[in-house]
Amino acid sequence: MNFDNKELKDLLESVRFVYGYDFTDYAEASVKRRIDHFMNTRKITALEKLGKMILHDEKLFEEFIQEVSVTVTEMFRDPVFYKSIRENVLKRLATYPFIKIWIAGCATGEEIYSIAILLQEEGLLNRSVIYATDINQKSLQIAKDGVYPVENMKAYTANYQKAHGKKSFSEYYKAKYNSVMFDKSLKQNIVFAAHNLAVDKSFNEFQLIICRNVLIYFNQKLQNKVINLFYESLCPFGFLGLGNKESLLFTDRKKYFEEIDRKEKIFMKK
Amino acid sequence: MQGITQKYNAIAIGTSAGGLFALSGILDELPAGYPIPIMVVQHRSKDQKDLLEEVLQNKCKIRIKQADEKETIKGGFVYVAPPDYHLLVEADKTFSLSSDEAVRFSRPSIDVLFETAAIVYKDTLAGIILTGASSDGAAGITVIKEYGGLTIAQDPAEAQFPFMPESSIQTKAVQHIWTLSEIKKFLSEISNI
C-alpha cells in the first residue's frame, strides 16, 4: 500500500476528467485501502499501470468503481435510528398530503426497504415517493431487484424487532432457494436513479433526506458541500438523518439545523 | 529495555478476548498528560455503545475517548475505535471511520488501524498486540515493521487468550515479546525521550 501521493492524485484526477467520477475529495486512507485491494486481486503492481489500464478499458473501470465506492449496508442497521425515525419524524410527516424522501447513497438498497416498511406500517407508503440514488450502477440494480441472501434475514429480523417493528418480519418477503425477494407492494413508489453526491446538483425538494455512513468517506470540504446540497434540497422543517458517527460539527450549515435526536443524528432544517 | 532512544509519536494497540483486563493493566497508571497519543482497537459487540470506554476510564487517569471521525490525534488521550466501524489514520493525523467489510470477521479491525497508522507514523509508531482469540492484527503488525515501526506482542504464556499474540509472532515481524508489566514499563520510559 506504499502509494506515492502524487501518483494517487494523478490517477483520481484523470478518472474525474475521463469518466466524471470525482474521488479527489474522498478521505484518503480508505480509498487507498480499496485501490490497494483492487490491485492485489488483479495482480496489478503499480499505480501508474492501473491508471493506464482503467482509462483505456471501460469494463475494468466499472469494476474499479464497484470496488472504490463502498457498498456495505444492512437492513435496519442501528435499530434505534429507525425507531426514532418512526416516532419523531414519520409522525410529523403524516400531516403532509404527499411525502418525498431521498435516500442518498442507497448502495444495494437495504435501507430503502427498511424505510418502505416503516412507511407502510405507519400507513404512509401510498402517499410517499422514495428517491433512491447511488453512484454505483451495479448496486442500484441490486437495490431495484430487492433480492437478498436468505442467511442475512436472521440478523435483519433481530434488527427489525429492536426497531419496534409491528409485524412478523417474514411477512415482507418470500424465500426461494437461498434468496429472499421483498414484497412488490414495498417497491411501488420507489424511483431509482444514478446520482453522484460529489458532482451532481439538487434535483427535487424533500421532507426527509437519509444519508447514512456516506459522509464518513468524504473529506471536510466535500462533507460541507454535500450538507449544503441537502440543505438546499430540504423543504422548511424537513428532516435529515445521518449515520451514528456523522455530524454537522464541521459544516457551515450547523446553525441552520435543529437537533431532533442527538444520539441518532436526526436533524430538522430551521 | 535499555537502549530505547527512538522517539515515538503514536502507539497503536490491538486486542480481542480478554482485552479489557490487559488494557487496564498497561494503561491504568499512565498520567493524564501522557504525551504520546494511544489508539486502541478492541473487538467489541456493535450493541455495546460506549460501555468499554466507561469501564476503562474508571480504571485509568489518562482520558479514554471513543475516536470521532475527522478528530485530530493528540497526546493525553487513549482513542478507542467505535463499535461497528473501522478506525483509520489519515495523512494529516486525523481519524477517519469506515463501514467497509469486516476484516478477518472484525469491524473494527486491528489490521486496518495498524496499516493506516504505519503509513502515517512510519518509524515513530509502536504497535502492540495483546490477548485475543483471532488472527486480526498479524497482517497489520507486519506492515508496521515494514515501515520501520516497533512491534510488540504480549507474551502468549501470560495472555488470557494466546492465539492473537501467537499469530502475530508467527509472522516473524514481532521484535519484542513482553509481559504486561514489561509493556507498561516501556510505555512509561518512551514518554521521557
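Everything quoted here is computed from the prediction, not taken from an experiment.

Peer 1: Is there a simple way to think about the overall build of chain B in this case?
Peer 2: Helix and strand counts for chain B come out as six helices and nine strands. Its C-alpha atoms give chain B a radius of gyration of 15 Å, within 12% of the compact-globule value 16 Å for 193 residues. By its C-alpha atoms, chain B is 40 × 35 × 30 Å across when sized along the principal axes. Across the 193 residues that make up chain B, the buried fraction comes to 55%. Here the analysis covers contacts within chain B between residues at least 6 apart in sequence; of these, 71% occur between residues at least 24 apart.

Peer 1: Looking at this model, I keep getting lost on the sheet that holds strand S8 (residues 234-242) of chain A. Mind explaining?
Peer 2: The strands making up a sheet are joined through hydrogen bonds of the backbone, oriented either antiparallel or parallel. All names here are of chain A. Overall, mixed pairing links the seven strands, which are arranged S6-S2-S1-S7-S8-S10-S9 in an open sheet. At either end of the open sheet lies a strand with only one pairing partner, and these are strand S6 (190-194) and strand S9 (257-261). In this sheet, adjacent strand axes meet at a mean angle of 20° when their direction is disregarded. Note that strand S7 (residues 206-211) and S8 share five bridges and pair parallel. When the bridges of S8 are listed, Phe 206 appears paired with Leu 234. Against the sheet, helix H5 (residues 79-93) makes contact with strand S1 (99-104), S7, S8, S9 and strand S10 (266-269), and its axis sits at roughly 20° relative to S10, the strand it touches most.

Peer 1: What is the right way to look at the interface of chain A and chain B in this model?
Peer 2: Where the parts come together, the accessible area they lose is often given as the size of the interface. Each partner contributes residues to the interface: chain A has 13 residues there, and chain B has 17 residues. Of the residues forming the side of chain A that touches chain B, the biggest block, three residues, is contributed by helix H2 (residues 28-41) of chain A. Residue composition of the side of chain A that touches chain B, by class: eight nonpolar, three polar and two charged.

Peer 1: I keep staring at helix H6 (residues 110-121) of chain A and nothing clicks. Help me out?
Peer 2: An α-helical turn contains 3.6 residues, so a residue and the one three or four places further along point in the same direction. Along its twelve residues, H6 of chain A runs 17 Å from first to last C-alpha, staying within 8% of the 16 Å computed at 1.5 Å per residue. The buried fraction of H6 of chain A is high, at ten of twelve residues.

Peer 1: I keep staring at the nonpolar core and nothing clicks. Help me out?
Peer 2: Considering soluble globular proteins, one finds that nonpolar side chains tend to be buried as a cluster. By size, the foremost hydrophobic cluster in this structure holds 137 residues, and its most contacted members are Leu 113 and Ala 117 of chain B. Here the element with the most residues in this core is helix H3 (residues 110-121) of chain B; it accounts for nine residues. Taken domain by domain, this core gets at least three of its residues from each of domain 1 (5-68) and domain 2 (79-269) of chain A. Ala 117 of chain B has contacts with Ala 10, Ala 12, Met 39, Val 89 and Leu 125 of chain B, leaving out every residue within four places of it along the chain.

Peer 1: Please explain the sheet that holds strand S3 (residues 147-149) of chain A as it appears in this structure.
Peer 2: Residue and element names in this part refer to chain A. Strands sit in the order S3-S5-S4 across an open sheet of three strands; the sheet is antiparallel. One side of each edge strand has no neighbouring strand; the edge strands of this open sheet are S3 and strand S4 (173-176). Across the sheet, the mean angle from the axis of one strand to that of its neighbour is 30°, orientation sign disregarded. By the bridge criterion, three bridges tie S3 to strand S5 (residues 179-182) in an arrangement that is antiparallel. Residue pairing in the sheet places Val 147 in a bridge with Met 181 of S5.

Peer 1: Where do I start with the confidence of the model for chain B in this structure?
Peer 2: Interpretation of this model should avoid reading the predicted coordinates in detail wherever pLDDT is low. Confidence in the prediction of chain B, expressed as mean pLDDT, is 95, and 98% of residues score 70 or more. Model confidence for the complex is summarised by a pTM of 0.93, with the ipTM given as 0.90.

Peer 1: Looking at this structure, I do not really get the domain arrangement of chain A. What am I missing?
Peer 2: Residues and elements named next belong to chain A. In terms of domain boundaries, chain A breaks down into domain 1 (5-68) and domain 2 (79-269). One C-alpha centre belongs to domain 1, the other to domain 2; they are set 28 Å apart. Every contact between the two is made by nine residues of domain 1 and, on the other side, ten residues of domain 2. Taken together, the residues that form the side of domain 1 that touches domain 2 break down as four nonpolar, three polar and two charged.

Peer 1: How do you make sense of helix H8 (residues 153-162) of chain A when you look at a structure like this?
Peer 2: Residues and elements named next belong to chain A. Among the residues making up H8, those that are buried are Tyr 156, Asn 159 and Tyr 160. In an axial view of H8, the angular spread of the buried residues amounts to 100°, which keeps them on one side of the axis. His 164 sits one or two residues past H8 and shows a positive phi near 60°.

Parameters at a glance
For every chain, the first residue of the written sequence is number 1, and numbering continues from 1 along that sequence. Each chain gets a letter, beginning with A, and each ligand a number, beginning with 1, in the order they are written. A pLDDT threshold of at least 70 governs which residues receive local features in this predicted model, and a stricter bar of 80 or more applies before side-chain atom pairs are shown or counted, although totals over entire chains, interfaces and linings include all residues. Segments assigned H or I by DSSP are reported as helices when at least four residues long, segments assigned E as strands when at least two residues long, and all are numbered from the N terminus. Computation of the radius of gyration draws on C-alpha atoms alone. For the globule rule, the value is 2.2 Å times the number of residues to the power 0.38. In this scheme every C-beta is placed from the backbone, and a residue whose C-beta has 20 or more other C-beta atoms within 10 Å is buried, one with 12 or fewer is exposed, and one in between is partly exposed. Note on contacts: each residue gets a C-beta atom placed from the backbone, and two residues are in contact if those atoms are within 7 Å. For two strands to be treated as a pair, DSSP must find at least two bridges joining them. As a rule, the C-alpha atoms of each element are fitted with a line to give its axis, helices using only the stretch in contact, and angles between N-to-C directions run from 0 to 180 degrees. Under the grouping applied here, Gly and all other residues not named as nonpolar or charged are polar, the nonpolar ones being Ala, Val, Leu, Ile, Met, Phe, Trp, Tyr, Cys and Pro and the charged ones Asp, Glu, Lys and Arg. Expected span of a helix: the number of residues minus one, times 1.5 Å. Only buried Ala, Val, Leu, Ile, Met, Phe, Trp, Tyr and Cys residues enter a nonpolar core, and they are joined through C-beta atoms within 7 Å. Residue ranges assigned to the domains are those given by an automatic or database domain assignment. Think of pLDDT as the predictor's per-residue confidence, scored from 0 to 100. In this description, the arc belongs to the directions extending from the helix axis to the C-beta atoms.

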